[in-house]
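# Per-entry structural report
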Amino acid sequence: MGKLDGRVAFITGAARGQGRSHAIRLAQEGADVIAVDICEQLGSVQYPMGTAEELEQTVREVEKFGRRIVARQADVRDVTALKQAFDEGRAELGPVDIVLANAGIGAGGAVASEDQEWDEVVGVNLKGVWNTGRVAIPSMLEHGGGGSIVLTSSTGGLMGVGIPTAGFLGYTAAKHGVIGLMRSWANFLAPHNIRVNSVAPTAVRTPMAGDGNLQAIMEHAPELARALSNAMPVDLVEPLDVSNAIAWLVSDDARYVTGTVVPVDAGQLNKR
């Protein structure tokens, strides 16, 4: 018996990294999954983004636990495509009880224009979260069975890094905005027994921060190294650390937890 038996989770950014980890962790607890990812490269992103092949790997990983999964390629900035993916998954798997607005990109690459950096990072990291909610929430209300929504923010959504570039300003503004969305939705949805929370990780060992990418960014902006210094002796947390926090938040163990931000940050925020 898993803590999430019989539930269906809608997860964005699921081709790899945190999204894949969340899909696997929730499948371990018995949830079926609707997995969405753009599976394309955005011009302002300097690290390789997820691929269709990686999304298929997520499918295989979830199926190892005997759970059902519907995977679709969709851009979270495109509400029509996102709704189609959601509707197709819901038609096959049943009503959605869990929503993880996880899709996100880094702060931009050196070759992008300022407008492109700002528009893409804010489009994915904030509008994409809003689109995820407005696609899923009406069906959750219609179903009337309650549920849980977790929006992925960042320690960057709770502090100002202080790097005045379009990418970092856009990232910080978007992640602060995610927490505002969470708090507003939490109050709106509480009477319907739909809980809304946010996780705020420090840097996580994913392609966004790993494979030398974070080091390259910090060499370009040394002030980021100070901002990302954790209190505990780890440079990066693992995707599973964030997934474990989410698995608790969406379970009945956290049935009265809503409107909160849960840092998974190795003490970074407290240190500041």
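Numbers given to residues run from 1 along each chain, matching the order in which its sequence is written. Totals for whole chains, interfaces and linings use all residues, but because this is a predicted model, local features are given only for residues with pLDDT of at least 70 and pairs of side-chain atoms are given and counted only at 80 or more. To obtain the side-chain values, all non-hydrogen atoms of the structure were included, while hydrogens and water were left out.

A few words on the overall build of the protein chain. Along its length, the protein chain carries 9 helices and 7 strands. As defined in this context, the radius of gyration uses C-alpha atoms, and a globule is described by 2.2 Å times the residue total to the power 0.38. Relative to the globule expectation of 19 Å for 272 residues, the C-alpha radius of gyration of the protein chain, 17 Å, shows essentially globular dimensions. In terms of overall dimensions, the protein chain has a C-alpha envelope of 50 × 35 × 30 Å along the principal axes. Burial classification: accessible surface area is computed with a 1.4 Å probe over protein chains only, and a residue below 20% of its type maximum counts as buried, one above 50% as exposed, and the rest as partly exposed. Scored against the burial criterion, the 272 residues of the protein chain give a buried share of 57%. Note on areas: these come from Shrake-Rupley sampling with a 1.4 Å probe, and a residue is covered only by the protein chains present in the view. Carbon together with sulfur atoms contributes 51% to the accessible area of the protein chain, which is approximately 11700 Å² in total. A distance of 6 Å separates the average location of the 23 positive side-chain charges in the protein chain from that of its 31 negative side-chain charges. A run of H or I in DSSP counts as a helix once it spans at least four residues, and a run of E counts as a strand once it spans at least two, with each numbered from the N terminus. Positive charge is attributed to Lys and Arg, negative charge to Asp and Glu, and no charge count is given to His or to the chain ends. Here the site of a charge means atom NZ of a Lys, CZ of an Arg, CG of an Asp or CD of a Glu.

Using only the protein atoms, space was sampled on a 1 Å grid; points where a 1.4 Å probe fits but cannot get out form cavities, open sets with protein on both sides within 12 Å along at least five of seven lines form pockets, and lining residues are those with an atom within 4 Å of a point. Grid points are joined across faces, edges and corners, and a volume is the space filled by probe spheres set on the points. Across all of its chains, the model carries 2 cavities of 30 Å³ or more by this definition. Its volume calculated, the second largest cavity comes out at about 30 Å³. Residues are grouped as follows: Ala, Val, Leu, Ile, Met, Phe, Trp, Tyr, Cys and Pro are nonpolar; Asp, Glu, Lys and Arg are charged; every other residue, Gly included, is polar. Partitioning the lining of the second largest cavity into residue classes produces 5 nonpolar, 4 polar and no charged.

Our focus in this paragraph is the pairing of strand 3 (residues 69–73). Here, a strand pair is defined by DSSP locating no fewer than two bridges between the strands. Pairing of strand 2 (residues 32–37) with strand 3, which is carried by 5 bridges, proceeds in the parallel orientation. Residue pairing for strand 3: Asp37 is matched across the bridge by Gln73. Since strand 2 and strand 3 lie parallel, the crossover through helix 2 (residues 52–63) that links them has a hand, and here it is right-handed. Look down the strands so they point away from you; if going from the first strand over the helix to the second traces a clockwise path, that crossover is right-handed.

Another point: the layout of surface pockets. Quantified by volume, the largest pocket comes out at close to 290 Å³. Along its surface, the largest pocket is lined by 17 residues, and Gly146, Gly147, Asn193, Arg195 and Arg255 are the ones closest to its centre. When contributions to the lining of the largest pocket are tallied by element, the ones reaching two or more residues are strand 5 (147–152) and strand 6 (194–201). Here the residues of the lining of the largest pocket sort into 6 nonpolar, 6 polar and 5 charged.

Spatially, 3-2-1-4-5-6-7 is the arrangement adopted by the 7 strands of the open sheet, whose pairing is parallel. Looking at which strands have only one partner, the edges of the open sheet turn out to be strand 3 and strand 7 (261–264). If you compare each strand with its neighbour and ignore which way they point, the axes differ by 15° on average. Lines fitted to the C-alpha atoms define the axes, with helices restricted to the stretch that makes contact. Angles between their N-to-C directions range from 0 to 180 degrees.

Pairing of aromatic side chains requires ring centres within 6.5 Å, counting the rings of Phe and Tyr and the six-membered ring of Trp. Pairs whose planes differ by under 30 degrees are stacked, by over 60 edge-to-face, and all others tilted. The tally for this structure, following the rule as stated, stands at 1 aromatic pair. With centroids separated by 5.0 Å and ring planes inclined at 75°, the aromatic side chains of Phe10 and Phe86 adopt a geometry described as edge-to-face. Here Phe10 is found in strand 1 (residues 8–12), whereas its partner Phe86 is found in helix 3 (residues 79–93), with 76 residues between them in sequence. The residues Phe10 and Phe86 share a single accessibility class, namely buried. Sitting over the ring of Trp130, Arg134 keeps its end group 3.8 Å from the ring centre. Comment: the charge-over-ring label is applied if NZ (Lys) or CZ (Arg) is within 6 Å of the ring centre and within 35 degrees of the ring normal.

Next up on the list: the environment of Lys271. Note that Lys271 resides in helix 9 (residues 268–271). Separated by 232 residues in sequence, Lys271 and Cys39 have C-alpha atoms that sit 36 Å apart. Any pair of residues with heavy atoms lying within 4.5 Å of one another is described as a contacting pair. Every residue in contact with Lys271, bar those within four places of it in the chain, is listed here: Ser229, Asn230 and Ala231.

It is worth spelling out the side chain of Asn131 at this point. Looking at the element boundaries, Asn131 is found in helix 4 (residues 114–143). Under this definition, polar contacts are N or O atom pairs within 3.5 Å; protein pairs additionally need one hydrogen-donor-capable and one acceptor-capable atom, and for neighbouring residues in sequence, both atoms have to be side-chain atoms. A polar contact is formed between the side chain of Asn131 and the backbone oxygen of Val76, at a distance of 2.8 Å. If near-sequence neighbours (up to four positions away) are discounted, Asn131 is found in contact with Val76, Arg77, Asp78, Val79 and Leu82.

With that settled, the discussion passes to the packing of helix 3 against helix 4. Axis separation between helix 3 and helix 4 bottoms out at 9 Å; the angle between their running directions is 35°. Helix 4 is crossed by helix 3, and the crossing has right-handed handedness. Every residue of helix 4 that contacts helix 3 at Val79, Leu82, Lys83, Phe86 and Arg90 is listed here: Asn131, Thr132, Arg134, Val135, Ala136, Ser139 and Glu142. Residues that form the contact of helix 3 with helix 4 fall into these classes: 5 nonpolar, 3 polar and 4 charged. Each crossing gets its handedness from the near helix: less than a right angle anticlockwise from the far helix is left-handed, clockwise is right-handed.

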